[in-house]
Amino acid sequence: MSSSRSTPKAVSVPPDEAPRPLRADARRNRERLLAAADEVFSERGAEASMEDIARRARVGIGTLYRHFPTREALLVATVEEQLHALARKTQSLAASPSPGGAFAEFLAAFVEHASTYRGLATSLGVVFQSGTPGCTAASEAATRLLSLAQAAGEIRGDIDLDDIVCLVTGITLAAQQTPSEPGRVQRLVRTFIEGLRAPAPPQGAPGPSRGARAAQGDTGPGGSRATRTPRAS
């Protein structure tokens, strides 16, 4: 997913500079680093020390940086499978008879994803601009779901996926300030969803003006031309 308005440069690798297949020992080190990163990020948040992650994986810090030159690159790789899971859930929601309700479910799942590690929300821009297969799949599925909900008139049409990423970031950060209030996330998500709903036409809105009716051929309530009754002389 992309949020191009205020996020730092993405960490994707150009196709012509894609890394070569890893040797068996390098592949094992990478897997150990990802497992250690998941443990340490879960325990201490996304700002955990890179040195702690290397120690947990029992590799040197140089080995960590050879595989993941930045913290953001390590975060992207660590949440990649979760992005694939989010994409699969979002794709399944596209078949829902209520596109607006399906999009609300996606938002709840997205907020949950953004809360995987404490502090992950501050790096969402980089994570969702990474261009990895998981990010691309999640972005495409979310964009399609949003388009379906907007086409059905259930979600306002003046919002895009960048806005969603920004607002989910805000909700996640706000909720993490008060971890002792588990109901806050649900309240914020409900408020967010209500704000996304397309406004209903006001009740008792006046019908077409007399001039508009004349332009439409002065049709009656059933859509057929009204029959004028001649006034008795």
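Residues numbered from 1 in each chain as written. Predicted model: local features only at pLDDT ≥ 70, side-chain atom pairs only at ≥ 80, totals over all residues. Heavy atoms only, no water.

Q: Before we go on, may I ask you to explain unusual backbone geometry in this structure?
A: Glycine aside, the phi torsion of most residues is negative, and most peptide linkages are trans. One non-glycine residue, R58, adopts positive backbone phi at about 60°. Turning to its location among the elements, R58 is positioned in the loop between α2 (50-57) and α3 (61-67). R58 sits in the exposed class, given a relative accessible area of 73%. (Helix = DSSP H or I, 4+ residues; strand = E, 2+ residues; numbered from the N terminus. Buried < 20%, exposed > 50% of the residue type's maximum accessible area, 1.4 Å probe, protein only.)

Q: Looking at this model, I keep getting lost on the side chain of T169. Mind explaining?
A: Residue placement: T169 occurs in helix α9 (residues 161-177). Residue class for T169 comes out buried when judged on its relative accessible area of 17%.

Q: Is there a simple way to explain the pattern of salt bridges in this structure?
A: Pairs may arise between side chains of opposite charge once their charged atoms sit close together. Tallied over the full model, the rule gives six salt bridges. R56 serves as the salt-bridge partner of E39, at 3.1 Å between the closest nitrogen and oxygen. Of this pair, E39 sits in helix α1 (residues 24-44) while R56 sits in helix α2, and the two are 17 residues apart along the sequence. Beyond isolated ion pairs, a larger network of salt bridges with shared partners links E39, E43 and R56. (Salt bridge = Lys/Arg side-chain N within 4 Å of Asp/Glu carboxyl O.)

Q: Explanation requested: the packing of helix α6 (residues 99-114) against α9 in the structure shown.
A: The angle between the axes and the distance between the axes are what describe a pair of packed helices. At a minimum axis distance of 9 Å, the contact between α6 and α9 shows a crossing angle of 55°. Put simply, α6 runs oblique to α9. As α6 runs across α9, the sense of the crossing is right-handed. Taking contact as the criterion, the partners of F103, F106, L107, F110, V111 and A114 in α6 are, on α9, I164, V165, V168, I171, T172 and Q176. In terms of residue class, the contact of α6 with α9 is made up of ten nonpolar, two polar and no charged. (Axes fitted to C-alpha atoms, helices over the stretch in contact; angles between N-to-C directions. Parallel < 35°, antiparallel > 145°, perpendicular 65-115°, else oblique. Left-handed = near helix turned anticlockwise from the far one by under 90°. Contact = heavy atoms within 4.5 Å. Nonpolar A, V, L, I, M, F, W, Y, C, P; charged D, E, K, R; others polar.)

Q: I tried to follow the side chain of D52 on my own but got confused; where do I start?
A: Structurally, D52 can be placed in helix α2. Within the structure, D52 has its side chain in polar contact with the side chain of R55 (distance 2.2 Å). Contact partners of D52, with chain neighbours within four places excluded, come to V40 and R44. (Polar contact = N/O pair within 3.5 Å; in protein donor to acceptor, adjacent residues only side chain to side chain.)

Q: So what exactly am I meant to see when it comes to the packing of aromatic side chains here?
A: What describes a pair of aromatic rings is the distance from one ring centre to the other and the angle between the planes of the rings. A complete count under the given rule lists three aromatic pairs for this structure. With a centroid separation of 5.4 Å and 50° between ring planes, the pair formed by F41 and Y117 is classed as tilted. Of this pair, F41 sits in helix α1 while Y117 is found in the loop between α6 and α7 (124-128), placing the two residues 76 residues apart along the sequence. There is no split in this pair, since F41 and Y117 are both buried. Judged by centre distance (5.4 Å) and plane angle (40°), the rings of F103 and F106 are tilted. Of this pair, F103 and F106 both sit in helix α6, three residues apart, roughly one helical turn. With respect to burial, F103 and F106 carry one shared label: buried. Three or more aromatic residues joined by ring pairs form one cluster here, namely F103, F106 and F110. (Phe/Tyr/Trp six-rings, centres within 6.5 Å; stacked < 30°, edge-to-face > 60°.)

Bear in mind that shape data such as this cannot, by itself, settle questions of function.
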